[in-house]
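Spelled out, the chains give:
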Amino acid sequence: MSVAAYCIFCYRQIGTSGPATKTHLPWNDIRKIAKVTGSLILGGFVFITYEVLSLKKLLQIDTQAIHQEKLKSYVYVRTTSLNPSDYQGITYQARKEIHKAVRKILETEAKIFRRPFNEQFSTFDGEDHECALWLLLKRSQSEDKEVRLQAVQDLANNSHWHVCHLISVCNFPFLQHKTDYQYGTVAQTCDQRTAIGLARSKDIDLRFFLRPPPLPKIKSDYPIEDELRLLLVSLPQTGLDPCVQYFTSLALRESSQTLAAQRGGLWCFGGNGLPYCETLSKIPSETVELFCLQALVQHSKVSSHCDKIEAKGGLQLLQRIYQQRKDSAKIQRNIIRIIGNMALDERLHSSIVRAGWVSVLAEVMKSPHIIQSSHASRALANLDRDTVKEKYPDGVYVLHPQYRSSQPIRADILFVHGLLGAAFKTWRQQDIDRHLDKKASEGEEDYSQCWPKTWLASDCPALRIISVEYDTHLSDWKAKCPVEAHRKSIAYRSNELLDKLRAAGIGDRPLVWVSHSMGGLLVKKMLVDASKNPEMDKIVNNTRGIVFYSVPHHGSQLAEYSINARYLLFPSVEVKELSKDSPALKELNDDFLSFAKDKKFSVLSFAETLPTHIGSMIKLHVVPLESAKLGIGDLIPVDVNHLNICKPKKKDAFLYQRTLKFIQDVLAQELGD
């Protein structure tokens, strides 16, 4: 302002002055005007140059900060002033206008040269591998699904961005910390779909994922089981499934007993709950937590209850318990099971991701324990809507493929266990007797916890291998949910499993069933029921073959021993249905054979020839040879007992090799060579 006033003063002085002398007066005035004008031009040029350089610096990534902060796992954002006076005045307005002009020039330049980068990338000042990393991150959020999936795969494989950096690290080891920074950048920049895709990538580096967010501290005298109890109480208590009601009341009763003990009491007689007495000196909080979690598992099967669990902070509470109970595989397994059930509802996916569960599931996927990793695999598959169209309800587990794969799936193999079985342990390799088989015990590191997942998946990678799980018991004393006995009948389980299998896409591809013991009866019942339901026609029409391992088509002697109170007091519904020459079994077998012959199913049956020890007093052929005979297909007797009929000793054993040949033969068209 003072410079402008001075110029005006000079011009006025020239205009009002008298006649000038011919010597030096006009030249002095001209020199003064030239000095002022030159100063203004030079100052303006310097000011504009400074503002342009400042804007360029703002639009570039601060590489100096990158080099200085590589060891930290945060992306730094440039801070802005909170002082209102900094956003007022001619200087601020001038800078704002210059910034707009330069930004417009940059946008026009990008259009002219048709550059694919937006303004953040157009002035990127980084190394080659950093440019590739940011480009992959941008592509991973593309609307084009193929571009998006390829970008996630490239990120997971460290291709296009990590190779250049590895060369630098080999030459300069001190640059290793830069990789950690890049992983941290991906973790904080990638969106929900990308994070889930990375978690489902094989051999993924866990540095790709943010750690679970810190949880608020709680009072030391406020135990976790109390929080679980409050969560259970907050969930709907009326109009519930009887089993959900049972588990909830059981959990609340046991936690109430714990509270009574803490207040100075002695609690005992746990009934179906805690089967022992505890004194004031030892409160089994872990056991009470387990009861509460089992109740939450039942609640998580109800979609509306999942909403309540999320709204009440259940995801964060489960995260806290998971971190505190790392020594309890059973508790952690139940928690991941709950997350897998909640992931069936796509509305809850963002909440699950924000609660930090993606990093936890990615870590559990690397577990050497198949049960743990399979639970995590199911949860991630339910979260991954980019590559998985099916949904896996509670009790349906994918054994292969558990990761994203470019290998197309040609057919499905479905494993159904029998009485007292499970989705994983039923299909393990035969247990090694170290005393009798020293040679086998030497190679124990190759022991398969689940041969369908290890052996069959490697021999037939184009198969999707699924195993289902349901509760069975010899006696109602051991029933997890003793209410409504009809739930344990084959008919009820058939309807329940069929709905789950259709949700999992069973029937959309050629299908082979593999069953053991009572599981074979369940398979027959499901096929009979599906043949009568037009919505389930696909399951019957796409069935190529069935493998039966010691299935009691005509009943089992096991039910006859229910009079032995020590082992089978109050026999369960499952055992009663296995009665020898049962009319229900005969009807089921006749119904199955009547349409199985028309469909020309390929059938392979194995029969046990050795007795099985049940407890220390009972020794019997659970499924005699005549009961294992279906009436169609091949029947092969094997010198093993009922428990080991589905557990091959090794990969080249007859049991496995014959099963593998059957699968390859019936799916020859789908598997090709």
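For the structure itself, consult the block above.
Undergrad: Run through the nonpolar core, naming residues and quoting values.
TA: In this structure, L198, L296, I352 and W357 are the most contacted members of the largest nonpolar core, which totals 63 residues. Not counting the four nearest positions on each side in its chain, W357 is found in contact with L315, L318, Q319, Y322, I335, I339 and I352. If you look at the next biggest cluster of nonpolar residues, it comprises 52 residues, including Y392, V468, V623 and I632.

Undergrad: So what's going on with the pairing of strand β3 (residues 463-468)? Which residues, and what values?
TA: Of all six residues in β3, six are buried, a share of seventy percent or more. Bridging between strand β1 (residues 396-400) and β3 involves four bridges; their strand directions are antiparallel. Across the sheet, residue Y397 finds its bridge partner in β3, namely S467. Note that strand β2 (residues 411-416) and β3 share six bridges and pair parallel. Paired with A411 across the strands is L463, a residue of β3.

Undergrad: How would you sum up the packing of aromatic side chains? Please name residues and give values.
TA: In total, this model carries twelve aromatic pairs according to the counting rule given. Between F415 and W427 the ring centres are 5.0 Å apart and the planes differ by 70 degrees, which places this aromatic pair in the edge-to-face class. A residue pair is termed long-range when its members are at least 10 positions apart, and F415 in strand β2 and W427 in the loop between β2 and α20 (438-442) qualify at twelve residues. As far as the burial class goes, F415 and W427 line up, both buried. Three or more aromatic residues joined by ring pairs make a cluster, and in this case those are F415, W427, W451, W455, Y549, F606 and Y656.

Undergrad: Can you break down helix α29 (residues 654-666) residue by residue, with the values?
TA: A rise of 1.5 Å per residue sets the reference length of α29, with its 13 residues, at 18 Å; its end C-alpha atoms lie 18 Å apart and thus fit the reference within 8%. Taken as a whole, α29 has its buried residues at L655, Y656, T659, L660, F662, I663 and V666. Taken end-on, α29 shows its buried residues confined to a sector of 160 degrees, consistent with a single buried face.

Undergrad: Explain the environment of L498 to me, using residue names and the numbers behind them.
TA: Mapping L498 onto the fold places it in helix α22 (residues 490-503). Here L498 is in contact with M526, D529, A530, M536 and I539, once residues within four sequence places are set aside.

Undergrad: Explain unusual backbone geometry residue by residue, including any values.
TA: Along the chain, H400 connects to P401 via a cis peptide bond; the corresponding omega equals -5 degrees. Tracing the backbone shows P401 in the loop between β1 and β2. Even without a glycine there, the phi angle at L420 is positive, about 65 degrees. Of the residues examined, L420 reaches a relative accessible area of 42% and is grouped as partly exposed. The phi angle at S550 is positive, at roughly 45 degrees, despite the residue not being glycine. Structurally, S550 is set in the loop between β5 (543-549) and α25 (565-568).

Undergrad: Lay out the pattern of salt bridges in plain terms, naming residues and giving numbers.
TA: This model, assessed by the stated rule, comprises 22 salt bridges. With a shortest N-O distance of 3.5 Å, D394 and K301 are connected by a salt bridge. In this pair, D394 sits in the loop between α19 (370-383) and β1 while K301 sits in the loop between α13 (285-299) and α14 (303-311), placing the two residues 93 residues apart along the sequence. On the accessibility criterion, D394 (7% relative accessible area) is buried. According to the relative accessible area criterion, K301 is partly exposed, its value standing at 42%. Residue R658 pairs with D634 through a salt bridge whose shortest N-O separation is 3.8 Å. Of the two residues, R658 sits in helix α29 while D634 sits in strand β9 (residues 634-638), which places them 24 residues apart along the sequence. Overall, the relative accessible area of 21% leaves R658 in the partly exposed class. A relative accessible area of 45% places D634 in the partly exposed class. Through salt bridges with shared partners, a single network forms among E390, D412, R464 and R509.

Thresholds applied
Residues numbered from 1 in each chain as written. Predicted model: local features only at pLDDT ≥ 70, side-chain atom pairs only at ≥ 80, totals over all residues. Heavy atoms only, no water. Core = buried A, V, L, I, M, F, W, Y, C linked by side-chain atoms within 4.5 Å. Buried < 20%, exposed > 50% of the residue type's maximum accessible area, 1.4 Å probe, protein only. Contact = heavy atoms within 4.5 Å. Helix = DSSP H or I, 4+ residues; strand = E, 2+ residues; numbered from the N terminus. Pairing = 2+ DSSP bridges. Phe/Tyr/Trp six-rings, centres within 6.5 Å; stacked < 30°, edge-to-face > 60°. Expected span 1.5 Å × (residues − 1). Arc of directions from axis to C-beta. Salt bridge = Lys/Arg side-chain N within 4 Å of Asp/Glu carboxyl O.

By themselves these figures say nothing about function.
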